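Coordinate analysis (summary)
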Amino acid sequence: MTHFIIGPVQMYPEAMNIRQNDFSYFRSDDFSKIMMNNAKRLSLLMNCPSYKNIIFLTMSGTGAMEAAIENCLSHKDRVLVVNGGTFGKRFCELLNRHCIAYDAINLKWNEQLTLQHLCPFEKNNYDALLVNLHETSTGQLYDIKLLSDFAKRKNSLLMVDAISTFMADEYDMEKNGIDVTIISSQKGLCCSPGLSIVALSDRAKEKIISQNSVVSTSYFNFYDYLQNMERGQTPYTPAVGIVYELDAMLNLIIQTGKKEWLQSVAEKATYFRNMAIKKGFTIPCSYPHSNALTPVLFTNLNAKSIVNYLREHFQLYVNPCGGELSNSLIRVAHIGDTNLKDFDNLIEKMTIAIKNIKGL
Ligand SMILES: *Cc1c(COP(=O)(O)O)cnc(C)c1O
């Protein structure tokens, strides 16, 4: 069984084996040390100003998206959102629910975000710009420089859902003026699902503190989390097991080296893409891709039947697509404990699947 799924990914033994240990009570100095050490290493990896600006939440990534909206924005704010797929749409839905006014840049599938898309919005003022830097539903990796420049021109808070790009592509908060980073455990960090992380710039932290009294949530209250982080704790029980997994994964990533880690993901992505093209598969190429995954397009055959065939006959797991692309696109992830041989095997089995499905 091999997972080429975007998350939860094929896990490394380093993280899997840690679950066999006895976990210590979490209101302890030892546990605080692990939490702080995790926060320190994460802030280094994403170039966040301080480990004290890191928040650990017990929820999947969407929970962190919603919590970030509740804590970092207010009803007085006007927001611009890049809506280029399922996850962009999710930001719009969350803003609707929280009654925050927004404009959306709506992209069609296969449409690359360019400066032109921003032009109609240049005349307005925005308190925040929200983007899923890697729109996981299509594989498009947006140009962070383009978005960062816009946010700077408008003096907007730049809020980035980096859930599927972090530790798959370069990511730097300071360099790109990113104020809020949202990530979760089950993607590039290769842990179990259930732990999400929000990293803040000093400016975002100040805004959170200043509007704390009007935030209508207790469990998701960032101010509480920030105060607790000062001593390496969380207000409520954290996802203890995943905190240990994260410790193990950060050890592995830092031992390997950040650059080398990203290179190995890139190597798998490039290898798979070259080989897929050589074998006659179609990779939509009108926009830049994240190294986290490769979308493969099928026009004369149902993509879902390939996903099912690979699972049923070979125990190989790839992602289908949602919505209107569900019959034409599959997505193959390059994050997780897979190697080039696994991708050789996948291509071989994809070829067999197609032959057999056509023969049915
Ligand atoms: C995976 C993912 C999420 C979070 O999804 P959950 O199921 O809530 O963990 C959010 N945004 C992006 C871009 C993602 O890839």
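Above: the structure in question.
Residues numbered from 1 in each chain as written. Predicted model: local features only at pLDDT ≥ 70, side-chain atom pairs only at ≥ 80, totals over all residues. Heavy atoms only, no water.

Across the 6 residues that make up strand S3 (residues 78-83), a large majority, 5, are buried. Pairing between S3 and strand S4 (residues 101-106): 6 bridges, direction parallel. The partner of Val79 across the bridge, within S4, is Tyr102. (Buried < 20%, exposed > 50% of the residue type's maximum accessible area, 1.4 Å probe, protein only. Helix = DSSP H or I, 4+ residues; strand = E, 2+ residues; numbered from the N terminus. Pairing = 2+ DSSP bridges.)

Turning our attention to the side chain of Ser185. Of note, Ser185 is situated in the loop between strand S9 (180-184) and strand S10 (195-200). Reaching out from Ser185, the side chain makes a polar contact with the backbone oxygen of Ser192 at a distance of 2.6 Å. Among residues more than four places away in sequence, those in contact with Ser185 are Cys190, Cys191, Ser192, Pro193, Gly194, Leu195 and Ile242. (Polar contact = N/O pair within 3.5 Å; in protein donor to acceptor, adjacent residues only side chain to side chain. Contact = heavy atoms within 4.5 Å.)

Our next topic: the site of the ligand. For the ligand, the set of nearby residues contains 13 residues, the closest of which are Ser60, Thr62, Thr136, Asp161 and Lys187. Contacts to the ligand include Gly61, whose backbone N or O atom sits 3.0 Å from an oxygen atom. Interatomic distance of 2.6 Å between a side-chain N/O atom of Asp161 and a nitrogen atom of the ligand. Its free accessible area being 390 Å², the ligand has 86% of it covered by the protein chains. When atoms are counted within 2 Å of each cavity's grid points, the one that captures over half of the ligand is the largest pocket. Contributions of two or more residues to the shell around the ligand are made by helix H3 (61-72) and helix H4 (86-97). For the shell around the ligand, the element with the highest residue contribution is H3, accounting for 3 residues. (Near = heavy atom within 4 Å. Areas by Shrake-Rupley, 256 points an atom, 1.4 Å probe, with all protein chains shown as cover. 1 Å grid on protein atoms, 1.4 Å probe; cavity = no way out; pocket = protein on both sides within 12 Å on 5 of 7 lines; lining within 4 Å. Sits in = over half its atoms within 2 Å of the grid points.)

Another aspect to go through is the nonpolar core. Ranked by size, the top nonpolar core spans 72 residues in total, and within it Leu42, Phe56, Phe166 and Leu189 carry the most contacts. With 10 residues, helix H9 (residues 240-256) is the single largest residue contributor to this core. Of all hydrophobic cores here, the second largest spans 31 residues; its members include Met65, Ala67, Leu157 and Ala204. (Core = buried A, V, L, I, M, F, W, Y, C linked by side-chain atoms within 4.5 Å.)

What follows covers empty space enclosed by the protein. With a probe scaled to a water molecule rolled over the atoms, the places where space remains empty come into view. Counted under the stated rule, the structure contains 2 cavities of 30 Å³ or more. Residue lining of the largest cavity: Gly84, Leu107, Lys108, Trp109, Asn110, Glu111, Glu135, Thr138, Gln140, Tyr142 and Tyr287, and that is the complete set. Class assignment of the residues belonging to the lining of the largest cavity gives a composition of 4 nonpolar, 4 polar and 3 charged. The calculated volume of the second largest cavity comes to roughly 30 Å³. Around the second largest cavity, the lining residues are Tyr12, Trp261, Val265, Lys268, His334, Ile335 and Gly336. Here the lining of the second largest cavity is composed, by residue class, of 4 nonpolar, 2 polar and 1 charged. (Points joined across faces, edges and corners; volume = space filled by probe spheres on them. Nonpolar A, V, L, I, M, F, W, Y, C, P; charged D, E, K, R; others polar.)

These results come straight from atomic positions and should not be treated as a statement about function.
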